Amino acid sequence: MRAPAFWWRPDGGFLLSPLGGIYGAIAASRLQSPGRSAGIPVICVGNFTVGGAGKTPAVLAIGRLLLAAHEYPFFLTRGYGGRLAGPVRVDPASHTAADVGDEALLLARLAPTIVAHDRFAGAEAARRGGASLIVMDDGFQNPALRKDLAIVLIDGRRGVGNGRSFPAGPLRAPLDAQMARAGALVIVGPDTGAADVARLAQQRGIATFHARLQPNPQTLAALGGRKVLAFAGIADPQKFFATLTDAGVAVAQTASFADHHRYTAAEAQALLARADAASLVLLTTEKDSARLAGDPAVAALAGRASVLPVRLEVAEADAFRDMVLRVTKQPARDAMAPR
């Protein structure tokens, strides 16, 4: 779904606040539920709100830290947008986004990745596969699995919007209830809209970090200053477009689609026609590229579109790495032990 504009206005969502109160109360009670231990450490990367804040780049960044420390991490994801419920180990050579979702394909390029709607079953599959620890992409509000470290990302520009729970606002549960379960907060981008949340986190003693999404410099150089038609079907396409503008890319036109959007042949043809008419380079995200791949109906667009990889860079890099690696030193737990 595309986030409604009133979510990001301080006075927005008032009429839906009763529904938000009910949803928030249920979500808060789920956060209090005990989780089952995977028997190996679990790092969860999530966010307070509906929509994206850079979770997948953060998961990949954590995976790189763990691999550099000679760990054997497995990624665990629900595989949103894919048809397989799992648990299934992702094979990038045979699976498509229609099977396992776009995030899973990106994660599997770096480390073994399990798709599972049942998070505990997925964790069991990772442990049987030899994982030394698990990094979850999303699932912060899911009570099925115990988290040894919960890292919450927040869009520095948007913050938590009107502060209401879904559907009155973007929060997945009341902010206080979520703060109580967070081990660290990462503010992505300038904290123009997240300063209040950062102060609350610091008052609670929650480690707070600042990060940015850094576009791949080789891809930027290859564009050679040419004008682009940027298109994206992610949680917040405007963030992608802003990243391009901040990096000095000449964005002449944009096209936004819903999160995890599956492009049709007609949409692909329309994008190609727009680019040809104005002599523009087509540019998109890695997630969009993963969804385009393997679909004959959009093969022409997949072949023409340039892809801009991004990496999450944490300003407090040493402290962030130390926090992540401390989890690897925690003793293994019985897989059936309660939290």
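To be clear, the structure that these remarks concern was listed above.
Computed from a predicted model, the values in this text were never measured in an experiment. (Residues numbered from 1 in each chain as written. Predicted model: local features only at pLDDT ≥ 70, side-chain atom pairs only at ≥ 80, totals over all residues. Heavy atoms only, no water.)

J.: How do you make sense of helix 13 (residues 317-328) when you look at a structure like this?
T.: Residues separated by three or four positions in an α-helix point in the same direction, a consequence of the helix having 3.6 residues per turn. Between its first and last C-alpha, helix 13 extends 17 Å over twelve residues, near the 16 Å set by a 1.5 Å rise per residue. Of all the residues in helix 13, the buried ones are F320, M323, V324, L325 and V327. (Helix = DSSP H or I, 4+ residues; strand = E, 2+ residues; numbered from the N terminus. Expected span 1.5 Å × (residues − 1). Buried < 20%, exposed > 50% of the residue type's maximum accessible area, 1.4 Å probe, protein only.)

J.: Can you walk me through the nonpolar core in this structure?
T.: Nonpolar side chains in soluble globular proteins tend to end up buried together. With 33 residues, the main nonpolar core has F48, L76, I134, L145 and L185 as its most contacted residues. Looking at this core, the elements that each hand over two or more residues are strand 1 (42-47), strand 2 (73-77), helix 5 (119-128), strand 5 (133-137), strand 6 (149-155), helix 6 (175-179), strand 7 (184-188) and helix 7 (195-203). For this core, the leading source of residues is helix 5, giving four residues. If we ignore the near neighbours within four places in the chain, the residues touching L76 are I114, A116, R119, G122, A123, I134, V135, M136, D137 and L145. Core analysis: the next-biggest nonpolar cluster, separate from the first, contains 30 residues, A53, F320, V324 and L325 among them. (Core = buried A, V, L, I, M, F, W, Y, C linked by side-chain atoms within 4.5 Å. Contact = heavy atoms within 4.5 Å.)

J.: Which parts of the structure should I look at to understand the layout of surface pockets?
T.: Over the atoms a probe the size of a water molecule is rolled, and this reveals where empty space is left. Put simply, the second largest pocket is a space of about 400 Å³. Forming the walls of the second largest pocket are 16 residues, and the residues nearest its centre are G189, P190, L213, T243 and D246. Elements that contribute at least two residues to the lining of the second largest pocket include exactly strand 8 (207-215) and helix 9 (237-246). For the lining of the second largest pocket, the per-class residue count stands at six nonpolar, five polar and five charged. (1 Å grid on protein atoms, 1.4 Å probe; cavity = no way out; pocket = protein on both sides within 12 Å on 5 of 7 lines; lining within 4 Å. Points joined across faces, edges and corners; volume = space filled by probe spheres on them. Nonpolar A, V, L, I, M, F, W, Y, C, P; charged D, E, K, R; others polar.)

J.: Explain unusual backbone geometry to me, please; I cannot follow it from the model alone.
T.: A negative phi holds for most residues other than glycine; trans holds for most peptide bonds. With an omega of 5 degrees, the peptide bond running from G86 to P87 counts as cis. With respect to the secondary-structure elements, P87 resides in the loop between strand 2 and strand 3 (88-89). Across the junction of F166 and P167, the peptide omega takes the value 5 degrees, indicating a cis bond. As for its placement among the helices and strands, P167 is situated in the loop between strand 6 and helix 6. Its identity is not glycine, yet D138 carries a phi of approximately 80 degrees, on the positive side. Within the secondary structure layout, D138 lies in the loop between strand 5 and strand 6. One non-glycine residue, S279, lies in positive phi territory at about 55 degrees. Mapped onto the fold, S279 is located in the loop between helix 10 (265-278) and strand 11 (281-284).

J.: Explain the sheet that holds strand 2 to me, please; I cannot follow it from the model alone.
T.: Where strands meet in a sheet, backbone hydrogen bonds hold them as pairs that are either parallel or antiparallel. Sheet architecture is open: nine strands sit in the order 3-4-2-5-1-6-7-8-13, paired in mixed fashion. Each end of this open sheet is capped by a strand with a single partner; those strands are strand 3 and strand 13 (310-314). Here strand 3 pairs with strand 4 (residues 113-115) via two bridges, running antiparallel. Looking at strand 4, one finds that R89 is bridged to I114. (Pairing = 2+ DSSP bridges.)

J.: Which parts of the structure should I look at to understand the side chain of R172?
T.: Summarising the element assignment, R172 is placed in the loop between strand 6 and helix 6. Its relative accessible area of 18% is what places R172 among the buried residues. A polar atom in the side chain of R172 sits 3.0 Å from the side chain of D138. Every residue in contact with R172, bar those within four places of it in the chain, is listed here: Y23, A27, N47, F48, T49, V50, G51, K55, D138, Q141 and Q178. (Polar contact = N/O pair within 3.5 Å; in protein donor to acceptor, adjacent residues only side chain to side chain.)

J.: Could you clarify how one ought to interpret the sheet that holds strand 10 (residues 250-256) in this entry?
T.: In space, the four strands of this open sheet follow the order 10-9-11-12, with parallel pairing throughout. Both outer strands of the open sheet, strand 10 and strand 12 (306-307), are each paired with one neighbouring strand and no more. Packing against the sheet, helix 9 makes contact with strand 9 (227-232), strand 10 and strand 11, and its axis sits at approximately 155 degrees to strand 9. With respect to the sheet, helix 10 is in contact with strand 9, strand 10 and strand 11, its orientation differing from that of strand 10 by roughly 160 degrees. (Axes fitted to C-alpha atoms, helices over the stretch in contact; angles between N-to-C directions.)

J.: I would appreciate a short explanation of the environment of A258 in the present structure.
T.: Relative to the helices and strands, A258 is located in the loop between strand 10 and helix 10. Residue class for A258 comes out partly exposed when judged on its relative accessible area of 29%. Sequence-wise, A258 and I234 are 24 residues apart; in three dimensions their C-alpha atoms are separated by 6.2 Å.

J.: Help me out: how do you make sense of a nonpolar patch on the surface in this one?
T.: A cluster of nonpolar side chains, contributed by L19, I22 and I26, occupies part of the molecular surface with about 300 Å² of accessible area. For I26, the location among the structural elements is in helix 1 (residues 17-31). (Patch = residues over 30% accessible without salt bridge, like charges linked within 9 Å, V, L, I, M, F, W, Y side chains within 5 Å. Areas by Shrake-Rupley, 256 points an atom, 1.4 Å probe, with all protein chains shown as cover. Salt bridge = Lys/Arg side-chain N within 4 Å of Asp/Glu carboxyl O.)

J.: What is the right way to look at the pairing of strand 5 in this model?
T.: Each regular strand displays side chains that alternate between the two surfaces of the sheet. When you tally the buried positions in strand 5, you get five out of five residues, the bulk of the element. Burial of strand 5 is two-sided: the residues L133, V135 and D137 facing one way and the residues I134 and M136 facing the other way are all buried. With four bridges connecting them, strand 1 and strand 5 associate as parallel partners. In the sheet register, C44 faces strand 5, and the bridge partner there is M136. Examined bridge by bridge, strand 2 and strand 5 share five bridges and lie parallel to one another. By the bridge assignment, P73 is partnered in strand 5 with L133.

J.: Is there a simple way to explain the pairing of strand 8 in this structure?
T.: Both strand 7 and strand 8 contribute to a ladder of five bridges, which runs parallel. Bridge pairing in strand 8 places V188 opposite A211. Alignment of strand 8 against strand 13, held across five bridges, turns out to be antiparallel. Bridged to A211 within strand 13 is V314.

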